[in-house]
Every structure is written in structure tokens, then in C-alpha cells.
Amino acid sequence: MHKYVPSRGEPRITKLLIAKTIIVALHLVGIIGLSLPEYQDLFLKLTPAQLLTSLILILAFHKGWTDAFPIFAAAAFWIGFGSEIIGIHTGYLYGDYVYGPTLGTKLWDVPIIIGVNWFILSYLTGSLFHKIPNDYYAAFLAASAMTALDYIIEPVAVALDFWAWKFDVIPTTNYLGWLGVSFLIQLIYRKANFEKSNPISVFLLMALIIFFAILNLTLEV
């Protein structure tokens, strides 16, 4: 009796394909749910869960499990989270703004999930430029990418009550603050000695960009 051995050319359902399918499904359903007023409240409550799912997918495909990685992860979380605390309570770094209830449990008036978001965005944009040899140039490009992404996110976040700006105006200082804080985190990313390539990073980053770009249109912001 002969055993059947699949040929190399036959399609296989891989872990990466499953992850990409989950990413597409999450963001597609999110776009539809957030674009329809009757379902908006329900899908807004799921926002922290979507961020945590993205975090799990990143970690599932992360290769560089050295001692330096948790140090970078903690730095990205706490520098980002700490900068938000400063911003909320002083108006420095980003401008005058407050967080709404959408993003869940808060610590010192800042949603805890925001620290996770800083890690996710720092990791994804950092990995996009990880092959560039010059640390400072790569960090600047990654920080610029993070700031550009924030520019796309801001109108959607305000429309969905993630946070609100004083006088309903997003100040230029917000983007300058993002660039500066992001650059610091990206430098730590570059100096940390761990494997930077991740097969899911670019796909997830593109999904985020498309997600917020479409919501800018459907929410008419």
C-alpha cells in the first residue's frame, strides 16, 4: 500500500495564511461595523480586543526571543504610556486632550491599552525599516511612518470618541510630539539586540493603514 505524499506545488493552509485571514477578517468587519451607526457602539467596545488580538499575532510570529526583547517591549509601553500621562495632565508633548471611555480601563486618566498601541505601532514601523544599516536614519524613518499613521488615525479617533481635543482642533504639536517620542522608542528598538524580521508585520501594518484610510471616508471626517 502506497502512502500519499503531497507534492511541493500543492497549496497548504499555513499558520501565516491563517493569521493573515484573521487580520483581514478583523479589519474588514471592523470597517463595516464602525461605519454603520446602528452597530457602532458594539464595535467600539471591541476596540481593545482588536488591539490585543494584533498583539498576540505579532508575538506569535516574533523570532527574536532574547533578553533584549522584553526590555524594548517594556520601554515602548512605558515611554508611550508615560508620554500620554504627561500630555493629558500638562498639555505638553501633544497638546490639550482627554480620553473618552471607548478604550477601556484607565490608569491616571490614560487607557492602559494605549501603552499596548504604542508597542504595536513601534514594532510594526520599526520592522519595516529594520534592514537599513544606520540606526539613526532607520529610527527617523520609522518615527516618521508612525507620525504619518497617527495623522490618518486622528480624525477617526476623534469621530469615534477615542479622545477629544480642546476646541476640536488637532494641534501641530501633537505630530511633533509623536515624532519625538516615536524617535526615542525607535532608537531603543534599533539598539536592542534581537531578531527584527517578522513575517506578519508588513501585512498587519498595511491592514491598519487601509483600515483607517477607509474609515476616514466612511465616517466623513
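What you see is a predicted model, and the numbers here were worked out from it, not measured in a lab. (Residues numbered from 1 in each chain as written. Predicted model: local features only at pLDDT ≥ 70, side-chain atom pairs only at ≥ 80, totals over all residues. Heavy atoms only, no water.)

*Asks:* Quick rundown of the environment of L26? Include the residues and the values.
*Replies:* Note on placement: L26 falls in helix α1 (residues 15-35). For L26 and S54, which are 28 residues apart along the polypeptide, the C-alpha to C-alpha distance reads 9.5 Å. Contacts of L26, omitting those with residues within four sequence positions, involve Q50 and T53. (Helix = DSSP H or I, 4+ residues; strand = E, 2+ residues; numbered from the N terminus. Contact = heavy atoms within 4.5 Å.)

*Asks:* Give me the lowdown on the layout of surface pockets, citing residues and values where you can.
*Replies:* In this structure, the largest pocket occupies an estimated 160 Å³ of space. What lines the largest pocket is I23, V24, H27, L28, I31, F203, M206, A207, I210 and F211. Contributions of two or more residues to the lining of the largest pocket are made by α1 and α8 (201-218). Residue composition of the lining of the largest pocket, by class: nine nonpolar, one polar and no charged. (1 Å grid on protein atoms, 1.4 Å probe; cavity = no way out; pocket = protein on both sides within 12 Å on 5 of 7 lines; lining within 4 Å. Points joined across faces, edges and corners; volume = space filled by probe spheres on them. Nonpolar A, V, L, I, M, F, W, Y, C, P; charged D, E, K, R; others polar.)

*Asks:* Residues and numbers for the side chain of H62, please.
*Replies:* Inspection of the secondary structure puts H62 in the loop between α3 (47-61) and α4 (68-90). Ignoring sequence-local partners within four residues, the contact set of H62 consists of F69, Y123, F194, E195 and N198.

*Asks:* Describe the nonpolar core, with residues and values.
*Replies:* Side chains that are nonpolar tend, in soluble globular proteins, to be buried together. The biggest cluster of nonpolar side chains holds 57 residues, and the ones touching the most others in it are F72, Y99, W118, F119, I120, L124 and W163. A total of nine residues in this core trace back to one element, the largest contributor, which is helix α5 (residues 113-128). Every residue in contact with W163, bar those within four places of it in the chain, is listed here: V98, Y99, G100, L103, I114, I153, E154, A157 and V158. (Core = buried A, V, L, I, M, F, W, Y, C linked by side-chain atoms within 4.5 Å. Buried < 20%, exposed > 50% of the residue type's maximum accessible area, 1.4 Å probe, protein only.)

*Asks:* Residues and numbers for a nonpolar patch on the surface, please.
*Replies:* Together, V24, L28, I32, L36 and Y39 give the surface a local cluster of nonpolar side chains, amounting to about 440 Å² of exposed area. No other element matches the three residues that α1 contributes to the nonpolar patch. Looking at the secondary structure, you find Y39 in helix α2 (residues 37-45). Relative accessible area serves as the criterion here: at 42%, Y39 is assigned to the partly exposed category. (Patch = residues over 30% accessible without salt bridge, like charges linked within 9 Å, V, L, I, M, F, W, Y side chains within 5 Å. Areas by Shrake-Rupley, 256 points an atom, 1.4 Å probe, with all protein chains shown as cover. Salt bridge = Lys/Arg side-chain N within 4 Å of Asp/Glu carboxyl O.)

*Asks:* A description of empty space enclosed by the protein should follow, citing residues and the corresponding values.
*Replies:* According to the stated counting rule, one finds two cavities of 30 Å³ or more in the structure shown. Counted as a void, the largest cavity has a volume near 300 Å³. As for the largest cavity, its lining consists of 21 residues, of which T47, L51, N117, F162 and F212 are closest to the centre. Going through the elements one at a time, α1, α3, α5, α6 (135-159) and α8 are the ones with two or more residues in the lining of the largest cavity. Residue composition of the lining of the largest cavity, grouped by class: 16 nonpolar, five polar and no charged.

*Asks:* So what's going on with the packing of aromatic side chains? Which residues, and what values?
*Replies:* One pass over the full model with this rule turns up 20 aromatic pairs. Judged by centre distance (5.5 Å) and plane angle (55 degrees), the ring pair of Y151 and Y175 falls under tilted. Of this pair, Y151 sits in helix α6 while Y175 sits in helix α7 (residues 172-191), and the two are 24 residues apart along the sequence. According to the relative accessible area criterion, Y151 is exposed, its value standing at 56%. We classify Y175 as buried; its relative accessible area is 17%. (Phe/Tyr/Trp six-rings, centres within 6.5 Å; stacked < 30°, edge-to-face > 60°.)

*Asks:* Lay out α4 with the relevant residues and their values.
*Replies:* End to end, α4 covers 32 Å across 23 residues, agreeing with the expected 33 Å (1.5 Å per residue, within 8%). Of the residues trailing α4, G91 is marked for its positive phi of about 85 degrees. (Expected span 1.5 Å × (residues − 1).)

Functional significance is not addressed by these values, which are geometric in nature.
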